[in-house]
Amino acid sequence: AYMTPIGAPACVGTMEEVMALGADRAVLFGSCGVLDKTIPDGAVILPRRAYRDEGTSFHYAPPSEYMEAREVFDAHSVPVKAGAVWTTDAFYRETPRRMRFFRKKGCLAVEMECAALFAMAQYRGYRFMPFLYGAVVKAIGMRSFSIGLILLFIMLVCAVRYLHRWVLKKQNAS
């Protein structure tokens, strides 16, 4: 376990270093700004697709509109929302116009790392699963972050279940 810096380049660079030390899978716990008004503040979001509005992912994958998640998580009654997110590396350029644009594409949230981490993990052959907690996006486009210990606990339970099932599958395959 380690804490990554904020933003795609620093996060991917740190993950590259951790993987070089021998890890072959990673679980990300992070934050995002909720774009879908039906999703409550503090909801757990599982990105399945990340629209590429940053630069790092293009160093690991050919140009495309988005990156798809390769890992699939079955929530088993854990209250989560799965779907597309918008990855940007511009802190204060989450403008109302850009938010409307990505809402129309079906994005549930905005964050800063998923597209780049999906691209790097696929390029290197690593397993990667992000879990994000959502916070309401204010009208000016900046995020308001608040999270309780209970939400962190739920995310940890999700990750442990995911990793446990992966280990069992690997053992059964042997």
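This text follows the structure it describes.
Calculation notes
- Residues numbered from 1 in each chain as written.
- Predicted model: local features only at pLDDT ≥ 70, side-chain atom pairs only at ≥ 80, totals over all residues.
- Heavy atoms only, no water.
- Buried < 20%, exposed > 50% of the residue type's maximum accessible area, 1.4 Å probe, protein only.
- Helix = DSSP H or I, 4+ residues; strand = E, 2+ residues; numbered from the N terminus.
- Pairing = 2+ DSSP bridges.
- Right-handed = clockwise from strand over helix to strand, strands pointing away.
- Phe/Tyr/Trp six-rings, centres within 6.5 Å; stacked < 30°, edge-to-face > 60°.
- 1 Å grid on protein atoms, 1.4 Å probe; cavity = no way out; pocket = protein on both sides within 12 Å on 5 of 7 lines; lining within 4 Å.
- Points joined across faces, edges and corners; volume = space filled by probe spheres on them.
- Patch = residues over 30% accessible without salt bridge, like charges linked within 9 Å, V, L, I, M, F, W, Y side chains within 5 Å.
- Areas by Shrake-Rupley, 256 points an atom, 1.4 Å probe, with all protein chains shown as cover.
- Salt bridge = Lys/Arg side-chain N within 4 Å of Asp/Glu carboxyl O.
- Lys, Arg positive; Asp, Glu negative; His and termini not counted.
- Charge placed at Lys NZ, Arg CZ, Asp CG, Glu CD.
- Core = buried A, V, L, I, M, F, W, Y, C linked by side-chain atoms within 4.5 Å.
- Contact = heavy atoms within 4.5 Å.
- Polar contact = N/O pair within 3.5 Å; in protein donor to acceptor, adjacent residues only side chain to side chain.

**Digging into the pairing of strand β5 (residues 107-111)**
Along any regular strand the residues' side chains alternate between the sheet's two faces. The buried count for β5 comes to 5 of 5 residues, which makes it a mostly enclosed element. Looking at chain direction, strand β1 (residues 25-34) and β5 are connected through 2 bridges and run antiparallel. Counterpart to Gly33 in the pairing with β5 is Val110. Pairing analysis gives 4 bridges linking strand β4 (residues 80-88) to β5, with the strands arranged parallel. Following the sheet pairing, Val85 is matched in β5 by Ala109. Crossover β4 to β5 through helix α2 (residues 96-104) is right-handed.

**Focus: the packing of aromatic side chains**
For the coordinates displayed, the defined rule picks out 7 aromatic pairs. Measuring from centroid to centroid gives 5.8 Å for Phe29 and Phe131, while their planes differ by 25 degrees, and the two rings are stacked. One end of the pair, Phe29, is in strand β1; the other, Phe131, is in strand β6 (residues 127-136), with 102 residues separating them in the sequence. Assessed through its relative accessible area of 0%, Phe131 is described here as buried. Aromatic pair Trp86 and Phe102: ring centres 4.5 Å apart, planes at 10 degrees, arrangement stacked. Residue Trp86 is located in strand β4, and its partner Phe102 is located in helix α2; the two are separated by 16 residues in the primary sequence.

**Regarding empty space enclosed by the protein**
Here the idea is plain: a probe the size of a water molecule rolls over the atoms and shows the empty space left. A complete count under the given rule lists 1 cavity of 30 Å³ or more for this structure. Taken as a whole, the largest cavity spans an internal volume of roughly 30 Å³. What lines the largest cavity is Arg25, Ala26, Val27, Arg127, Phe128, Met129, Tyr162, Leu163 and Trp166. Listed by contribution, the elements that provide at least two residues to the lining of the largest cavity are β1, β6 and α4 (149-173).

**Brief notes about a positive patch on the surface**
Among the surface-exposed residues, Lys37, Arg97, Arg100, Arg103 and Lys104 lie close enough to one another that they form a single positively charged patch. Inspection of the secondary structure assignment puts Lys37 in the loop between β1 and β2 (44-53). A relative accessible area of 79% places Lys37 in the exposed class.

**Section: the nonpolar core**
Ranked by internal contacts, the top residues of the largest apolar core, which has 30 residues, are Met15, Ile45, Val85, Leu117, Phe118, Phe128 and Leu132. For this core, the elements supplying multiple residues, two or more each, are α1 (8-20), β1, β2, β5, α3 (114-124) and β6. Non-local contacts of Ile45, meaning those with residues more than four positions away in its chain, are made with Cys32, Val34, Ile39, Lys81, Val85, Leu108, Ala109, Pro130, Phe131, Leu132 and Gly134.

**Here's the deal with the environment of Arg98**
Along the polypeptide, Arg98 turns up in helix α2. Separated by 12 residues in the primary sequence, Arg98 and Trp86 place their C-alpha atoms 9.8 Å from one another. If we ignore the near neighbours within four places in the chain, the residues touching Arg98 are Asp53, Trp86 and Arg93. Of note is the side chain of Arg98, whose polar atom sits 2.8 Å from the side chain of Asp53.

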